[in-house]
Protein chains: 2
Amino acid sequence: MPKIKPSIPKGTRDFSPQTVAKRNYILQVIRGTFERYGFMPIETPAIEKLSTLTGKYGDEGDQLLFKILNSGDFLAKVKDDQWSARNSPEVAGAISEKGLRYDLTVPFARYVVMHRNDIAFPFRRYQIQPVWRADKPQKGRYREFYQCDADIIGSDSLLNEVELVGIMRDVFYQLSLHPSIHLNNRKLLQGITEFLGFEKSYNAFLTILDKTDKIGTEAVCTQLKDLAQDDAQKDKIDQFFKMIGGFGSDSALINGKPGMLIRKLSQLKSMLKDSPQGQEGIREIETIYDHLNLIDPEFRMYMYFDPTLARGLTYYTGSIFEVKLDLPGINIGSVCGGGRYDDLTGIFGLEGMSGVGISFGLDRIFDVLDEMNLFLDTSVSSSKALFVNFDEDSEKYALLGLQQVRQAGINAEIYPSAQKLNKQMKYADTKGIPFVVMAGSEEIKANKFTLKHMKTGEQQQLSLGELLKELRK
Amino acid sequence: MPKIKPSIPKGTRDFSPQTVAKRNYILQVIRGTFERYGFMPIETPAIEKLSTLTGKYGDEGDQLLFKILNSGDFLAKVKDDQWSARNSPEVAGAISEKGLRYDLTVPFARYVVMHRNDIAFPFRRYQIQPVWRADKPQKGRYREFYQCDADIIGSDSLLNEVELVGIMRDVFYQLSLHPSIHLNNRKLLQGITEFLGFEKSYNAFLTILDKTDKIGTEAVCTQLKDLAQDDAQKDKIDQFFKMIGGFGSDSALINGKPGMLIRKLSQLKSMLKDSPQGQEGIREIETIYDHLNLIDPEFRMYMYFDPTLARGLTYYTGSIFEVKLDLPGINIGSVCGGGRYDDLTGIFGLEGMSGVGISFGLDRIFDVLDEMNLFLDTSVSSSKALFVNFDEDSEKYALLGLQQVRQAGINAEIYPSAQKLNKQMKYADTKGIPFVVMAGSEEIKANKFTLKHMKTGEQQQLSLGELLKELRK
C-alpha cells in the first residue's frame, strides 16, 4: 500500500490534550449551570433520517446537510429516468437516506414527539453534542462543532425565559466574561412591521433590521427606505428610528438605565397602539423585566432590550435572545442565542407544545477566553508525578511506590524504560508534570523517595507516607 | 409540509436522562482510571478522509464504512465511462471523499503522525468518542457506539502492558465486576503455527483457534484436523491440545494457579524450541507475569494465560488482551480488548513506533451492569428540590429562595406556572426529585419554607438557613 501523507477534511479539527482540557473547562461550567437550574441531559444519534432533517432549516440549510451514502449497491435504487437525467439533487434523493445532525433543536423536537409518554412536562433538557454543516470553512467557522443547548418545552410561562437569562448570566460570569444579553420579541417585531407597513416584505425587512448592531442605525435606515413603497412609509421609518435612538449601539452596561427602558417601552406602546401583537410583545418583555428586577437587582448590568434584534431562524414566535461580549479589540459576534417557539414539534405531529431555548457556541467562547488569556491554570489532567526509571531494581521499587500513589487517587506514571535521566526529565517537562520521583540504590537502601519539584528544582528525601502527603497538597 | 411520524435510523439510539446518567457513571470510572495512570485525552473529528480510512480494516471493514456524499453537484466528478458502467463501488469513489470514523485506532495513528513534533513520547493518550459502522444491527450491536481507548505509543517496554492490565483491573473492580483478563501473544501464536505446520493457512488457522472459548477444544481440534494436510500434522494438533489441556475453558479464578502456569509455559517452551518467535512470545508473557507478581499478589485472581486467544485485527504483533466476565446466565462476550502493534503509523509514513493499547466497550458493560442491577443510586443529576408555584405572590417568594439554593450549589427548579398542586407533585415524582419546597401565604408571613421529603412524606417548616442546611445533606 502506498504511504500517504495524512490530513483531515477542511473545517474539521484535532484537539490536543491541552485543548481538550480547556474545552472541558468551558463545558463543565455550562453543564454544571444547566444542572443547577434543573435541566437533564439527553443524547441523540449523530445520524438522522433525511426525512427528519430536510426542510427544517430553509433551502440554504438543506444545501448544507451532510448526506450519507446508502450502503451496499446504492445505485440499484436509482430509477432509469433519474439515471439518464444525471442530475445531482435527484440522484442524491435516491442514493442517500441519512444525514448528519445539523443542529440540536430539530433532533430535540423529534425526541420529544417519539418519547412523549416517558417525559415529565414541562421538560427541561440539555444537550451537548457536535453538529455538522457543509459550510464554507473560515476563521471561527467549522464543519464540525459543538452546540450546547438548553430548552424547556411544554410550558408557555415567561418564567422560563427568566430562568434562561439566569443561566446565560451565570455561565458567563463563571467564565469571567461580562455578557450583554440582548432581548427582543417576535410579536413586537410583528407590531413594528405592521406599523412600518412591511407586512409583505417581512423577511427582507427583518434581515435588514437585524444588521443594526453591525452596520449602524443610519445605514439600516437608508436600506429600509430603499425597501419602502412611498413617502408615508419613509416618514414612519424616520419616526421609528428617532424613537429607538441609540438602542442598537449602546451596551446595557452603560445605557441600560431603567428609566430609559420604561420610557422606550411606553413610547413603543403608544406607537404600536393599533397592533395587538405588538402590545402582547411589549407585555412579555415587561413581565420578563419585572421578574428580573425581583430576583436580581443587578440585572441592568447585563440585560439589554434591543428592538432591532431579529435572529435568522424562522421558528421563533416570542422572546428572542442573543448574547454579545463587549470586548475591546475582539470582534466575535454572538456567543449564545435562542428564543421561544410555539410549534416546534408540530411538524412531527405533536401540536401545542410551546417551548423556549438557548444555545451556547463553544468555539467562539473558547476563542475569546484563549485570546484574553482567561483560562485558569488549566488542569490538563496530566500526571502529578513521574517516577523515574533508572534500572531494573529501581523500576521494581518505583512500581510499588507508584501503586500506592495511585491508590491514594493521585494521577501518576512511570517512565516505561531506563532511558537517560535527561530524556525522562525532558518528558516530564514537555508534558507539564509538576513532580518527579526518583529512587536509586541510595533511596532504596534508606526506604525513601526523592521528590523533585520541577518548577523550583527543589528536592526532598521522603518516606512513602511523606511522599503521599506532599503529592496530595 | 406533510406531517411525518418521526423515527431514527436502525442501529442508532436516543438516550434518555436516566440512561445518560448511567453511561456517564461508567465513562467517569474509565476516564478517571485512564487519568490516574497518566493518560491524556485527545479528540479527533467524526469525519475523516476516505484515503485515511480505506484499506485499514480489511475488505469487510471497507464495506462497513459510512461514506459521506460530496457537497454540491457531486455528479460532476463522475466520468462518463464510470456513469455508463453504473457500478456502485466505482461511482462511490467518484462522489464521496469523506467517511465516518470507524474506530479510534486509525485516527490515533494519523494524529500521531500529523502532530509528532508536538508530542512527548512515549505518548499516553486516551480517547472516548463514538464510531460508526454500517453493520447489520442486532441485539447489543449498534451502528453508532462509543469506544474508550487508551494507548501508549513510542515505547516497546512490556511495562506498558503491565500498566494496561492495571487499568483493566481497576476499571472493572470499580464497577463491581470481576474481570477475567485473557493474555496471549502473537509471536507465541506464530510459533504454534510453525509447530503445527499452518504457515500457509495462517489466517484460517487463527480464526478457528480463536473460537476455542466459544465452541470448545474438541470442536476446534476437529476443524483444525480438517484443515491439516497429513497425519503428521494431525498428530501434532493432538499433541498441542493435549498439552494446553483445559486452558481454553477454565477461568483464571479457579485454575490459574501459578504452578500450573509455569508448567504450561515450560511445556510450550520445549514444544516450540525450534521457533525463535515462539520463544520470544513466551519470554514476553513471563516478563508481564513477573511484573504483575511484584505489584499485585492477587493477580492470579484475574489474569488468565490463554494460548488460543487470537483476536481478529491483523495489526497486532505482540501481546494481545481480551477481558471476559464470568457471570452466570449472562453471555456477553468480550467487554475490553487490545494488544501491541509494531507499525501502526508506518502506513502514514512514520516507521518504528511500537505501541500497545486497549479499548473498552461501553455498550456491553452498560448491558451487564443494567442486567445485574449494579448501577449505583444513579445520580440522575436532576434537581434536588422543586419549588411549588401556588400563585403570583408565592412565585415571587419562591424565586428568592430558589436563587439562594442555587447559589449554594444545589440543583433546583421552580414549576413555571401555578398549576394544580397534584400536577406539580406528580412532576416531581416522575422526574425523581427528592424534595419539594412549598411556600403559601402562611409561610410567607412567617418567613419560612415547608420542605417535603417525597419518599417519606415528612414535612418540616424551615427558615431559609435551615432549608439550605437540609438540602445540602
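Cut-offs applied
Residues numbered from 1 in each chain as written. Chains lettered and ligands numbered in written order. Predicted model: local features only at pLDDT ≥ 70, side-chain atom pairs only at ≥ 80, totals over all residues. Heavy atoms only, no water. Helix = DSSP H or I, 4+ residues; strand = E, 2+ residues; numbered from the N terminus. Rg over C-alpha atoms; globule rule 2.2 N^0.38 Å. Buried < 20%, exposed > 50% of the residue type's maximum accessible area, 1.4 Å probe, protein only. Contact = heavy atoms within 4.5 Å. Areas by Shrake-Rupley, 256 points an atom, 1.4 Å probe, with all protein chains shown as cover. Lys, Arg positive; Asp, Glu negative; His and termini not counted. Charge placed at Lys NZ, Arg CZ, Asp CG, Glu CD. Pairing = 2+ DSSP bridges. Axes fitted to C-alpha atoms, helices over the stretch in contact; angles between N-to-C directions. Parallel < 35°, antiparallel > 145°, perpendicular 65-115°, else oblique. Left-handed = near helix turned anticlockwise from the far one by under 90°. Nonpolar A, V, L, I, M, F, W, Y, C, P; charged D, E, K, R; others polar. Least-squares fit on C-alpha atoms with pLDDT ≥ 70 in both. Salt bridge = Lys/Arg side-chain N within 4 Å of Asp/Glu carboxyl O. Polar contact = N/O pair within 3.5 Å; in protein donor to acceptor, adjacent residues only side chain to side chain. Domains from an automatic or database assignment. 1 Å grid on protein atoms, 1.4 Å probe; cavity = no way out; pocket = protein on both sides within 12 Å on 5 of 7 lines; lining within 4 Å. Points joined across faces, edges and corners; volume = space filled by probe spheres on them. Core = buried A, V, L, I, M, F, W, Y, C linked by side-chain atoms within 4.5 Å.

Colleague: An account of the overall build of chain A is requested, with residue identities and associated values reported.
Modeller: When helices and strands are counted, chain A shows 20 helices and 16 strands. For 473 residues, the compact-globule estimate of 2.2 N^0.38 gives 23 Å, and chain A exceeds it by more than 25% at 29 Å. Each principal axis of the C-alpha atoms in chain A carries an extent, and together these give about 95 × 70 × 45 Å. Scored against the burial criterion, the 473 residues of chain A give a buried share of 58%. A fraction of 68% describes how many contacts in chain A between residues 6 or more apart in sequence connect residues 24 or more apart. For chain A, the accessible area works out to roughly 20000 Å², and carbon and sulfur atoms hold 48% of it. One finds the centroid of the 60 positive side-chain charges in chain A at a distance of 4 Å from the centroid of its 62 negative side-chain charges.

Colleague: Just give me the short version of the pairing of strand 16 (residues 459-462) of chain A, but keep the residues and values in it.
Modeller: Residue and element names in this part refer to chain A. Sheet topology places strand 15 (residues 449-453) next to strand 16; four bridges connect them, and they run antiparallel. Pairing of Lys 452 across the sheet is with Gln 459, part of strand 16. Linking strand 15 back to strand 16 in an antiparallel pair, the connection comprises five residues, with Gly 457 at a positive phi of about 80°.

Colleague: Which residues make up unusual backbone geometry, and what are the values?
Modeller: Cis geometry marks the peptide bond from Phe121(A) to Pro122(A); its omega dihedral reads -5°. By the secondary structure assignment, Pro122(A) is in the loop between helix 6 (105-114) and strand 5 (123-132). You will see that Asn447(A), though not glycine, has its phi angle at about 60°, which is positive. In this model, Ser176(B) sits at a positive phi of 65°, which is unusual for a non-glycine residue. Under the relative-accessibility criterion, Ser176(B) is labelled partly exposed at 47%.

Colleague: Please give an account of the sheet that holds strand 7 (residues 179-185) of chain A that cites residues and values.
Modeller: Residue and element names in this part refer to chain A. Pairing in this open sheet of eight strands is mixed, and the strands run 1-5-6-11-10-9-7-8 from one edge to the other. The open sheet terminates on both sides in strands that have one partner only, identified here as strand 1 (40-41) and strand 8 (303-305). Across six bridges, the pairing between strand 10 (residues 336-341) and strand 11 (residues 355-361) is antiparallel. Bridge pairing in strand 11 links Gly 338 to Ile 358.

Colleague: Any details on the packing of helix 9 (residues 202-209) of chain B against helix 11 (residues 217-227) of chain B? Residues and values, ideally.
Modeller: Residue and element names in this part refer to chain B. Viewed as axis vectors pointing N to C, helix 9 and helix 11 meet at an angle of 165°, and their least axial separation amounts to 9 Å. It follows from the interaxial angle that helix 9 and helix 11 lie roughly antiparallel. Two packed elements cross with a definite hand, and for helix 9 against helix 11 that hand is right-handed. Contacts between helix 9 and helix 11 involve Ala 204, Phe 205, Ile 208 and Leu 209 on the former and, on the latter, Val 220, Gln 223, Leu 224 and Leu 227. Looking at the contact of helix 9 with helix 11 residue by residue, the classes come out as seven nonpolar, one polar and no charged.

Colleague: Can you lay out the relation of the copies chain B and chain A for me, pointing to particular residues and giving the numbers?
Modeller: Overlaying chain B with chain A gives an RMSD of 0.1 Å, the required rotation being 180° about an axis along which the chain moves by 0.0 Å. Classification of the inter-copy transformation places it as that of a two-fold axis. Across chain B, the rotation axis passes nearest the C-alpha of Ile68(B), at a separation of 2.2 Å. A symmetric contact is evident, with 100% of the interface residues of chain B recurring at the interface of chain A.

Colleague: Give me the lowdown on the sheet that holds strand 16 (residues 459-462) of chain B, citing residues and values where you can.
Modeller: Residue and element names in this part refer to chain B. Read from one edge of the open sheet, five strands run 13-12-14-15-16, paired in mixed fashion. Of all strands in the sheet, those bounded by a partner on one side alone are strand 13 (412-414) and strand 16. Across the sheet, the mean angle from the axis of one strand to that of its neighbour is 25°, orientation sign disregarded. Pairing analysis gives three bridges linking strand 12 (residues 385-387) to strand 13, with the strands arranged parallel. The partner of Phe 387 across the bridge, within strand 13, is Ile 414. Strands in contact with helix 20 (residues 464-472) are strand 12, strand 14 (435-438), strand 15 (449-453) and strand 16; relative to strand 16, the strand with the most contacts, it is inclined by about 135°.

Colleague: So what's going on with the interface of chain B and chain A? Residues and values would help.
Modeller: On the side of chain A, 111 residues touch chain B, which itself brings 110 residues to the contact. In this assembly, chain B and chain A are joined by eight salt bridges. One salt bridge in this structure joins Asp80(A) and Arg86(B), with 2.9 Å as the shortest N-O distance. Summed over the shared surface of chain B and chain A, the result is 43 residue pairs in polar contact (both at pLDDT 80 or more).

Colleague: Residue-level account of the side chain of Arg125(A), with values.
Modeller: All names here are of chain A. Locating Arg 125 in the fold gives a position in strand 5. When its relative accessible area of 0% is taken as the criterion, Arg 125 is described as buried. Of the polar contacts made by the side chain of Arg 125, one reaches the backbone oxygen of Leu 104; its length is 3.2 Å. Apart from residues lying up to four places away in sequence, Arg 125 is in contact with Phe 39, Met 40, Ile 42, Leu 104, Phe 108, Asp 149, Ala 150 and Asp 151.

Colleague: Break down the domain arrangement of chain A for me, citing the residues and quoting the values.
Modeller: On domain assignment, one finds that chain A holds domain 1 (179-325) and domain 2 (385-472). Averaged C-alpha coordinates put domain 1 of chain A and domain 2 of chain A at centres separated by 63 Å.

Colleague: Run through the pairing of strand 4 (residues 96-100) of chain B, naming residues and quoting values.
Modeller: Residues and elements named next belong to chain B. Most of strand 4 sits inside the fold, with four of its five residues counted as buried. Pairing of strand 2 (residues 47-49) with strand 4 involves three bridges; the strand directions are antiparallel. By the bridge assignment for strand 4, Glu 48 is matched with Gly 99.

Colleague: Account for empty space enclosed by the protein, with residues named and values stated.
Modeller: In the structure shown here, the tally under the stated rule is two cavities of 30 Å³ or more. Space inside the largest cavity adds up to approximately 90 Å³. In terms of lining residues, the largest cavity is bounded by 14 residues, among which Tyr37(A), Glu163(A), Ile295(A), Gln403(B) and Arg406(B) are the most central. Contributing elements (two or more residues each) for the lining of the largest cavity: helix 7 (159-174) and helix 15 (276-295) of chain A together with helix 17 (392-407) of chain B. Ranked by the residues each element gives to the lining of the largest cavity, the list is headed by helix 7 of chain A, at five residues. For the second largest cavity, the calculated volume is near 50 Å³. The wall of the second largest cavity is formed by Leu399(A), Leu402(A), Gln403(A), Arg406(A), Tyr37(B), Val162(B), Glu163(B), Gly166(B), Arg169(B) and Ile295(B). For the lining of the second largest cavity, the elements supplying multiple residues, two or more each, are helix 17 (392-407) of chain A together with helix 7 (159-174) of chain B.

Colleague: Give me the lowdown on the pattern of salt bridges, citing residues and values where you can.
Modeller: All names here are of chain A. Under the counting rule described, the total for this entry stands at 48 salt bridges over all chains. One salt bridge in this structure joins Lys 269 and Glu 286, with 2.9 Å as the shortest N-O distance. Note that Lys 269 is positioned in helix 14 (residues 258-271) and Glu 286 in helix 15, a separation of 17 residues in sequence. Taking relative accessible area as the criterion, Lys 269 reaches 31% and is therefore assigned partly exposed.

Colleague: Tell me about the nonpolar core, residues and numbers included.
Modeller: Nonpolar side chains in soluble globular proteins tend to be buried together. Counting residues in each nonpolar core, the largest one holds 124 residues, and the members touching the most others are Ile26(A), Phe34(A), Phe240(A), Phe360(A) and Phe387(B). The dominant element in this core, judged by the number of residues it contributes, is helix 7 of chain A, at eight residues. Leaving out residues up to four positions away in the same chain, Phe34(A) has contacts with Phe39(A), Tyr126(A), Ile128(A), Cys148(A), Asp149(A), Ala150(A), Ile167(A) and Phe360(A). Core analysis: the next-biggest nonpolar cluster, separate from the first, contains 123 residues, Tyr102(B), Tyr126(B), Ala310(B) and Ile358(B) among them.

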